[in-house]
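Understanding the architecture of this molecule
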Amino acid sequence: MARPVLADLSVGDVVATGTVELDRARLVRYAGASGDFNPIHWDESFATRVGLPGVIAHGMLTMGSVVGVVADWAGDPGAVVAYQTRFTKPVPVPRDGVAVVEVSAAVGAIDADAGTVRVDLTVTHEGTKVLGRSQATVRLS
Amino acid sequence: MANTLPDRGFAGREYPATAPYSVGREKLREFASAVGAAHPAHHDLVAARGLGYPDLVAPPTFAVVVAQRAEAQYVQDPAAGIDFSRVVHADEKFTHHRPIVAGDELVTVLHVDSVTERAGIAMVTTRCEIFAEPGDAAGDGTGEPVATVSSSLVIRGEDS
């Protein structure tokens with residue numbers, strides 16, 4: 001697959017879109033893989049007791065999942081040299097079925113001297129933004 | 001509990017370098033699968049080497065696994081006064097000085113950058129400086145810089 005070239009990009013270009021489906025099993029899997037065993041991500045009664053609507057996804061799972069579209073677009077996950085986000089809204093994950101998270105990645109800025117492009121991610125669940133100021137810096141040639 | 005907000009005296013604290021975290025291939029594959037990262041460089045040695053890496057490459061947020069262990073020194077210290085049932089993850093930032101690859105031995109120096117409080121809501125910001133240590137040498141945080149991970153937590157007070 002040809003890798004994207006900095007000179008071909010313009011601010012505003014949508015470079016990738018995708019959908020991430022999160023179910024309870026996925027949360028348990030991420031808990032194990034990451035070592036984050038906070039019960040708000042797997043125990044309904046604990047989650048409601050601390051004032052949440054129910055079990056919610058790890059913010060880090062949402063953040064870690066949506067950046068895949070950027071790594072795949074770049075053709076090299078190691079080209080993602082920086083990545084940041086703000087967790088603005090929780091993603092509730094129902095006992096049955098899935099929570100659908102949608103991501104759209106667009107060029108936010110180009111730094112030709114550094115050879116990097118800032119990709120801004122718009123991440124929504126049921127039409128509401130769940131991540132804020134979500135930006136990945138990608139090194140391209 | 002009389003006080004459910006964190007002790008501001010921890011701001012500016014720097015912890016000694018952690019014991020090394022050994023980055024394993026199967027851990028990278030497991031983490032990549034958990035976040036749905038299907039790029040072959042996370043899973044297939046030939047693909048990773050084809051991109052010029054010595055071994056499997058970590059997904060962009062894998063450093064959180066390493067950082068979290070270091071952060072535990074602070075957030076799980078009862079003296080820090082952080083009530084985890086009231087914590088919300090506010091933001092996270094990764095800066096990769098070079099990609100993490102399988103075989104890395106990573107040590108982390110944890111900094112508590114700030115502890116602030118306003119109207120019963122507290123925010124703590126930590127920063128993990130992650131270094132690669134050569135060979136089996138005991139880590140002292142003077143190795144090659146690999147990643148910087150900044151994390152902010154919001155802690156709601158008793159009445160908020």
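Note that the structure is predicted; figures quoted are calculated from it, not measured.

Turning next to the overall build of chain B. Across its full length, chain B carries three helices and five strands. Order of helices (α) and strands (β) in chain B, N terminus to C terminus: β-α-α-α-β-β-β-β. If one aligns the C-alpha atoms of chain B with their principal axes, the spans along those axes are about 55 × 35 × 20 Å. Relative to its 160 residues, chain B shows a buried fraction of 39%. If you take every contact in chain B between residues at least 6 apart in sequence, the share linking residues at least 24 apart comes to 74%.

Quick look at the overall build of chain A now. Assigned secondary structure in chain A consists of four helices and six strands. Each principal axis of the C-alpha distribution contributes one length, and for chain A these read about 50 × 30 × 25 Å. When each of the 141 residues of chain A is scored for burial, the buried share is 39%. Across chain A, contacts joining residues at least 24 apart in sequence account for 66% of those joining residues at least 6 apart.

In terms of nonpolar packing, the biggest core is built from 81 residues, with V70 of chain A together with A63 of chain B touching the most fellow members. Residue contributions to this core peak at seven residues, all from helix α3 (residues 63-75) of chain B.

This part takes up helix α1 (residues 24-34) of chain A. One turn of the α-helix equals 3.6 residues, which is why residues spaced by three or four share an orientation. Every buried residue of α1 of chain A is accounted for by R26, L27, Y30, A33 and S34 of chain A. Considered in projection along α1 of chain A, the buried side chains sweep an arc of 130° and stay on one side of the axis. In the core, the buried residues of α1 of chain A are packed alongside β1 (14-22) and α3 (59-66) of chain A together with α1 (25-34) and α3 of chain B. Downstream of α1 of chain A by one or two residues, G35 of chain A has phi in the positive range, about 85°.

Definitions and limits used
Residues numbered from 1 in each chain as written. Chains lettered and ligands numbered in written order. Predicted model: local features only at pLDDT ≥ 70, side-chain atom pairs only at ≥ 80, totals over all residues. Helix = DSSP H or I, 4+ residues; strand = E, 2+ residues; numbered from the N terminus. Buried ≥ 20, exposed ≤ 12 C-beta atoms within 10 Å, placed from the backbone. Contact = placed C-beta atoms within 7 Å. Core = buried A, V, L, I, M, F, W, Y, C linked by C-beta atoms within 7 Å. Arc of directions from axis to C-beta.

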